[in-house]
Amino acid sequence: MSRIINILVMNMNRFMNILHLILFKKFVMRKIQLLFFICILFNLVSFSQKGKIKAGELNLAAMIQPVPTTAKFINDTSYIWCGTLVKSHIDKQYHLFYSRWPRKLGMTAWVTSSEVAHAVSKSPFGPFQFKDVVLPHRGPNYWDGMYSHNPTIHFFNGKYYLYYAGNYGDGKITSPQLNWTHRNNQRIGVAIADDPNGPWKRFDKPLIDISADTTAYDAQMVANPSVTQMPDGRFLMVYKAVGRKKPQPFGGPVVHLTAIADKPEGPFIKQNKPIFTVENVEFPAEDPFVWYQDNCYYAIVKDMKGAFTNAGRSLVLFYSLDGFDWKLAKHPLVSDLKIKWKDGRVQKLEALERPQLFIEKGKLVALLCAVNETLDHSYNVQIPLSFSVENNK
């Protein structure tokens, strides 16, 4: 009898263990289902918020806010140009990459003497402190050995990609004229790092070189790269190109082209179709910054001559559904040549160029620009942006 009882007890224990396991699995499954439902609900809400702006209807001008004085990154002895910002996933600080060259050499010495440097801040609006030079000159035997310029920084797949323009030449300072050898030797490259503090890996060949075909749109030089990831996972580059059809040394026409790659380090395949064009205008735009949001691509460019709006030289907005065919956005004017400071001053400028956006967790946080108050000096400014549904109708 006792043996039978022991067997019954053992079976009962096994039954209870199985029952507990079944109940635990049901509990876990319910938790997973609840979490899945919450994720779906969150995505629907996020999509709904983004979907309130139709493709091409973003109003960047309405998002621009007064600028604090800490957001003016300037140096007494150097011209500061360009400016691109990323937040480190390691030290959680904001890293500014910019171009600089000695002020004593003059503004046009950018083409012979620029180098990409690095500054750090705890805020996207500064103050930024210089840290180091990340792309120093490395000699005329390299495609980028005498100059680095036009930086634009991105975080893709766990690594940092710093796209830029480089050149080489005789190194002669010809201010106030451009050194045309250096200007026409510009090519596009990328440096890669695991940390925005470096070290940075540079390459012995450019990412985008000029085309061998002397009739090509980019037969003379390429520069001003901008890169974004496409919805299908590929990478779109928009870049400035100069052909050889017009008189030298300037050449021309000056256009913008696109290129596609499966990986952020390339290789990029050129599409060879000019964008941001205006009939009978040989140099309508410059300084593109491209990104993807709200089911379309956007690009801020510098309007060289007022070819796109009545504002004259300014920053304007384009959009595209596929990255290749571009149209002016519904609200094309982003900014004319002025800054509104937080203390109430409205300052007219000689130049507001090299636009770059800082985007954090999908939110447009700041518009970075290179500024000339006069041609004697320059700096980078980080302009705050604030989204409002009412202002984006």
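### Some thoughts on the overall build of the chain
Here is step 1 of the chain: Broken down by element type, the chain carries 4 helices and 21 strands.
Here is step 2 of the chain: Within the chain, the fraction of its 393 residues that count as buried is 50%.
Here is step 3 of the chain: Sequence-distant contacts, at least 24 apart, represent 54% of the contacts inside the chain between residues at least 6 apart.
Here is step 4 of the chain: For the chain, the accessible surface area stands at approximately 19,300 Å², while carbon and sulfur atoms represent 57% of it.

### A short note on the nonpolar core
Here is step 1 of the chain: Ranked by size, the top nonpolar core spans 44 residues in total, and within it L58, L60, W291, I300, L317 and V381 carry the most contacts.
Here is step 2 of the chain: Considering every element that reaches this core, the biggest residue donor is strand β20 (residues 363-374), with 7 residues.
Here is step 3 of the chain: Non-local contacts of L317, meaning those with residues more than four positions away in its chain, are made with L58, L60, W291, Y298, A299, I300, L328, A329, H331, P332 and V334.
Here is step 4 of the chain: Core analysis: the second largest hydrophobic core is formed by 19 residues, I192, F235, A241 and F268 among them.

### Here's the deal with the sheet that holds strand β3 (residues 94-102)
Here is step 1 of the chain: One open sheet holds the 4 strands; their spatial order is β2-β3-β4-β5, and the pairing between them is antiparallel. Two strands in the sheet have a free side with no partner beyond their single neighbour: β2 (78-87) and β5 (129-135). With strand direction ignored, the average angle separating the axes of adjacent strands in the sheet is 30 degrees.
Here is step 2 of the chain: As defined by bridge partners, β3 adjoins strand β4 (residues 115-121) across 7 bridges and the pair is classed as antiparallel. Counterpart to Y94 in the pairing with β4 is S121.

### A short note on the packing of aromatic side chains
Here is step 1 of the chain: A full pass over the atoms with the stated rule returns 19 aromatic pairs.
Here is step 2 of the chain: Judged by centre distance (5.7 Å) and plane angle (80 degrees), the ring pair of Y94 and F358 falls under edge-to-face. With Y94 in strand β3 and F358 in strand β19 (residues 351-360), the pair connects residues that are 264 residues apart, well separated along the chain.
Here is step 3 of the chain: Each ring, one from F308 and one from F318, has its centre 5.0 Å from the other, and the planes form 85 degrees; the classification is edge-to-face. Here the residue F308 occupies a position in the loop between β14 (296-303) and β15 (314-320), and F318 occupies one in strand β15, the gap between them amounting to 10 residues. Both residues of the pair, F308 and F318, belong to the buried class.
Here is step 4 of the chain: Following the ring pairs from residue to residue traces out a cluster consisting of F156, Y161, Y163 and F235.

### Side note on the environment of S88
Here is step 1 of the chain: You can see S88 is positioned in the loop between β2 and β3.
Here is step 2 of the chain: Take S88: its relative accessible area is 2%, and that puts it in the buried class.
Here is step 3 of the chain: Residues S88 and D195, 107 residues apart in the sequence, show an inter-C-alpha distance of 7.2 Å.
Here is step 4 of the chain: Beyond its immediate chain neighbours, meaning those up to four positions away, S88 contacts Q93, H95, Y160 and P196.

### A few points about the side chain of Q186
Here is step 1 of the chain: Looking at where Q186 falls in the secondary structure, it is placed in the loop between α4 (180-184) and β8 (187-193).
Here is step 2 of the chain: Given a relative accessible area of 3%, Q186 falls into the buried group.
Here is step 3 of the chain: Apart from the residues lying within four places of it in its own chain, the contact partners of Q186 are W110, Y147, A165, G166, N167, M221, V222 and A223.

### So, the sheet that holds strand β12 (residues 269-270)
Here is step 1 of the chain: Strand order in this open sheet of 4 strands is β9-β10-β11-β12, and the pairing throughout is antiparallel. If you trace the sheet from one side to the other, it starts and ends with β9 (221-229) and β12, each paired once.
Here is step 2 of the chain: Note: strand β11 (residues 254-261) against β12, 2 bridges, orientation antiparallel. The residue of β12 that forms the bridge with A259 is K270.

### A look at the pairing of β11
Here is step 1 of the chain: When you tally the buried positions in β11, you get 8 out of 8 residues, the bulk of the element.
Here is step 2 of the chain: Across the two faces of β11 the burial is the same, with V254, H256, T258 and I260 and V255, L257, A259 and A261 all buried.
Here is step 3 of the chain: Here strand β10 (residues 235-242) pairs with β11 via 8 bridges, running antiparallel. Each bridged residue has a counterpart across the sheet, and for Y239 the counterpart in β11 is L257.

Cut-offs and rules
- Residues numbered from 1 in each chain as written.
- Predicted model: local features only at pLDDT ≥ 70, side-chain atom pairs only at ≥ 80, totals over all residues.
- Heavy atoms only, no water.
- Helix = DSSP H or I, 4+ residues; strand = E, 2+ residues; numbered from the N terminus.
- Buried < 20%, exposed > 50% of the residue type's maximum accessible area, 1.4 Å probe, protein only.
- Contact = heavy atoms within 4.5 Å.
- Areas by Shrake-Rupley, 256 points an atom, 1.4 Å probe, with all protein chains shown as cover.
- Core = buried A, V, L, I, M, F, W, Y, C linked by side-chain atoms within 4.5 Å.
- Pairing = 2+ DSSP bridges.
- Axes fitted to C-alpha atoms, helices over the stretch in contact; angles between N-to-C directions.
- Phe/Tyr/Trp six-rings, centres within 6.5 Å; stacked < 30°, edge-to-face > 60°.

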